[in-house]
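Remarks on the overall topology
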Amino acid sequence: MLTTKQKTLRKFWYATVRLDDLKDGPKPFRLMGEDIVIFLGADGEPAALADRCCHRTAKLSKGWIDDGKLVCGYHGWTYDSTGQLVRIPQFDPDTVLPKHKVENFHCQGRYGYAWVALDEPLQPLFDVPEDRDPAFRRIFQFYDQWDCAPLRLMENSFDNAHFSFVHKQTFGDIKAPKPKKYEIQETDYGFFATTVIDILNPPIAHQVTGSSDPTTERNMRNHWYMPFCRRLDMTYPSGIRHLIINSATPIEDGKIQLVQLLYRNDTEADCPTQKLIDWDAAIIAEDRDILEATNPDAILDVSRKIEQHMPSDRPGMIMRKRLLELLHSQDEEEVTGAYA
Ligand code: FES
Ligand SMILES: [Fe+2]
């Protein structure tokens, strides 16, 4: 599935840039092959426009913010959050402005990021109640560009059979390759998958899991939000919850911005932030190494025997089935990809 060719995928929310990073000016971002500029408008909320001035086509992300308006760095033409041209500095004050407008996109600030949908969204952005729960702390874990397809990251997120192999240096047990069964409930936004798995618990992970036993359990409640976001809520027997939010934001075909947020119901004294970043960084580096070695095009053909490694309720197959249904239900004229 060549992501940028599927217009339907423009109708979903994706995490783009950190809100904190917008405080010092507009930032460029490439979303599904489109260059956009994101900035904080007069109301303090983020806004997203096409990154192209309608005067002499300079990138607006080269400009700056003046009183909540975006000023082009070439000749100073100025735009509001809707993309409307509101000032041409070379004009006399009483000269009527031409009705020029730069294309604008849906944009909202949530969970510390500016989320953008290029076309009218089909679903609201998923809620994370823990974000407003004082029992939880929020940690910005990762913000990296990966050379893989977003669907590759999503299918990996629900693939229990890779732990023993990809994660054999961290929490996976190579001697126990048979994966646990997932229970999957399909939902309007994707699906909800639950399972309990056994993991290795080396000393370096003891503060992360809240246990000093050599092995422990993860009770996993894993949501897939179509097409490329997920919420993995893990509870350890210690009572610690380790809740990961991912957006595999498609930059262009075969390239994603991997955004990962972590919520924990413990304190800095229980487990330092840097330890939580370092341990999950070791784990996600293992995923990255193998995912960047996959074919960047993602196969949508549900007849291929690609999930014979999973015992039942094959999440990757359901993902493909749901995405195909979605693309066809939106009158996508063509599902484009090497194997589609
Ligand atoms: S190109 Fe933007 S003001 Fe001239
Ligand atoms: Fe993994």
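The shown structure was predicted, so the numbers you read here are calculated from the model rather than taken from an experiment.

What counts as what
Residues numbered from 1 in each chain as written. Chains lettered and ligands numbered in written order. Predicted model: local features only at pLDDT ≥ 70, side-chain atom pairs only at ≥ 80, totals over all residues. Heavy atoms only, no water. Helix = DSSP H or I, 4+ residues; strand = E, 2+ residues; numbered from the N terminus. Buried < 20%, exposed > 50% of the residue type's maximum accessible area, 1.4 Å probe, protein only. Contact = heavy atoms within 4.5 Å. Areas by Shrake-Rupley, 256 points an atom, 1.4 Å probe, with all protein chains shown as cover. Salt bridge = Lys/Arg side-chain N within 4 Å of Asp/Glu carboxyl O. Pairing = 2+ DSSP bridges. Axes fitted to C-alpha atoms, helices over the stretch in contact; angles between N-to-C directions. Disulfide = S-S within 2.5 Å. Core = buried A, V, L, I, M, F, W, Y, C linked by side-chain atoms within 4.5 Å. Domains from an automatic or database assignment. Donors = N, O, S within 2.8 Å, 3.2 Å for Na, K, Ca; no water. Phe/Tyr/Trp six-rings, centres within 6.5 Å; stacked < 30°, edge-to-face > 60°. Lys NZ or Arg CZ within 6 Å of the ring centre and 35° of its normal. Buried area = accessible area lost by both parts, 1.4 Å probe. Expected span 1.5 Å × (residues − 1). 1 Å grid on protein atoms, 1.4 Å probe; cavity = no way out; pocket = protein on both sides within 12 Å on 5 of 7 lines; lining within 4 Å. Points joined across faces, edges and corners; volume = space filled by probe spheres on them.

**Quick look at the overall build of the chain**
Assigned secondary structure in the chain consists of five helices and 17 strands. Principal-axis analysis of the C-alpha atoms places the extent of the chain at approximately 75 × 50 × 30 Å. Burial status across the chain gives 52% buried among its 340 residues. The contacts in the chain between residues at least 6 apart in sequence include a share of 60% that link residues at least 24 apart. Of the roughly 15200 Å² of accessible surface on the chain, a fraction of 50% belongs to carbon and sulfur atoms.

**A look at the pattern of salt bridges**
Side chains that differ in sign of charge can pair as their charged atoms come close. One pass over the structure, following the stated rule, counts 29 salt bridges. Of the charged contacts in the structure, one is a salt bridge between Glu-155 and Arg-152, with a shortest N-O distance of 2.5 Å. A residue pair is termed a helical-turn pair when its members lie 3 or 4 positions apart in one helix, as Glu-155 and Arg-152 do in helix H1 (residues 150–157) at three residues. The shortest N-O distance in the salt bridge between Asp-233 and Arg-221 comes to 3.2 Å. In this pair, Asp-233 is assigned in strand S15 (residues 229–235) and Arg-221 in strand S14 (residues 215–225), connecting sequence segments twelve residues apart. A single network of salt bridges, built from pairs that share partners, joins Glu-130, Arg-221, Arg-231, Asp-233 and Arg-241.

**Some remarks on the sheet that holds strand S10 (residues 113–117)**
Adjacent strands of a sheet pair through backbone hydrogen bonds, lying either parallel or antiparallel. Spatially, S1-S10-S9-S4-S3-S2 is the arrangement adopted by the six strands of the open sheet, whose pairing is antiparallel. Each edge of the open sheet is held by one strand with a lone partner, namely strand S1 (14–18) and strand S2 (27–31). Sheet twist, expressed as the mean angle between neighbouring strand axes with direction ignored, is 35 degrees.

**Examining the state of the cysteines**
Among covalent bonds in proteins, the disulfide is the one between the sulfur atoms of two cysteines. In the structure shown here, the tally under the stated rule is zero disulfides. The structure places no disulfide on Cys-148, whose sulfur is separated from the nearest cysteine sulfur, that of Cys-229, by 14 Å.

**A short note on the sheet that holds S15**
Read from one edge to the other, the open sheet built from seven strands follows the order S11-S17-S16-S15-S14-S13-S12, with strand pairing classed as antiparallel. At either end of the open sheet lies a strand with only one pairing partner, and these are strand S11 (137–146) and strand S12 (183–186). The mean angle between the axes of side-by-side strands here comes to 20 degrees, regardless of whether they run parallel or antiparallel. Alignment of S14 against S15, held across seven bridges, turns out to be antiparallel. Its bridge partner being in S15, Met-220 is matched across the sheet by Met-234. Of the strands in this sheet, S12, strand S13 (190–200) and S14 touch helix H5 (residues 315–329), which is tilted by about 10 degrees from S12.

**Here we look at the nonpolar core**
Core analysis: the biggest nonpolar cluster contains 74 residues, and Ile-38 and Val-116 have the highest contact counts within it. It is helix H4 (residues 273–291) that provides the largest number of residues to this core, a total of six residues. A domain split of this core shows at least three residues from each of domain 1 (3–117) and domain 2 (129–329). Excluding residues that lie within four positions of it along the chain, Val-116 makes contacts with Phe-12, Trp-13, Tyr-14, Thr-16, Leu-31, Ile-36, Ile-38, Ala-48, Phe-105, His-106 and Cys-107.

**Re the coordination of the iron ion (ligand 2)**
In ideal tetrahedral geometry, four donors around a metal make angles of 109.5 degrees, whereas ideal octahedral geometry with six donors gives angles of 90 or 180 degrees. Binding of the iron ion (ligand 2) to the protein goes through His-162 (NE2), His-167 (NE2), Asp-287 (OD) and Asp-287 (OD), at separations of 2.1 to 2.5 Å. Read from N- to C-terminus, the donor residues coordinating the iron ion (ligand 2) fall into the pattern H-x4-H-x119-D.

**Details of the packing of aromatic side chains**
Tallied over the full model, the rule gives twelve aromatic pairs. Taking 5.8 Å as the distance between ring centres and 65 degrees as the angle between the ring planes, the aromatic pair formed by Tyr-113 and Phe-140 counts as edge-to-face. Pair noted here: Tyr-113 is in strand S10 and Phe-140 is in strand S11, with a separation of 27 residues, a long-range link. What makes Tyr-113 buried here is its relative accessible area of 2%. Taken together, Tyr-111, Trp-115, Phe-126, Tyr-189 and Tyr-225 form an aromatic cluster joined through their ring pairs. The ring of Phe-140 has Arg-18 sitting right over it, with the charged end atom 3.5 Å from the ring centre.

**Section: the domain arrangement of the chain**
Interfaces are frequently sized by the accessible area removed from exposure as the parts join. Here the chain is partitioned into domain 1 (3–117) and domain 2 (129–329). At the junction of the two partners, domain 1 supplies 22 residues and domain 2 supplies 22 residues. Of the roughly 1900 Å² buried at the junction of domain 1 and domain 2 (both faces included), carbon and sulfur atoms supply 66%. The interface formed by domain 1 and domain 2 holds two salt bridges in total.

**Things to note about H4**
With 19 residues, H4 ought to run about 27 Å at 1.5 Å a step, and its terminal C-alpha atoms sit 26 Å apart, in line with that. Here H4 has its buried residues at Leu-276, Ile-277, Trp-279, Asp-280, Ile-283, Ile-284, Glu-286, Asp-287 and Leu-291.

**A few points about H1**
Across the eight residues that make up H1, a large majority, eight, are buried. Restricting attention to buried positions, one finds in H1 the residues Pro-150, Leu-151, Arg-152, Leu-153, Met-154, Glu-155, Asn-156 and Ser-157.

**Side note on empty space enclosed by the protein**
What the rule picks out here adds up to two cavities of 30 Å³ or more. Of the pockets and cavities examined, the largest cavity occupies roughly 340 Å³. Contributing to the lining of the largest cavity are 25 residues, with Arg-230, Leu-232, Ile-244, Ile-283 and Asp-287 lying nearest its centre. At the level of elements, H1, S14, S15, strand S16 (241–252), strand S17 (255–264) and H4 are the ones that each hand at least two residues to the lining of the largest cavity.

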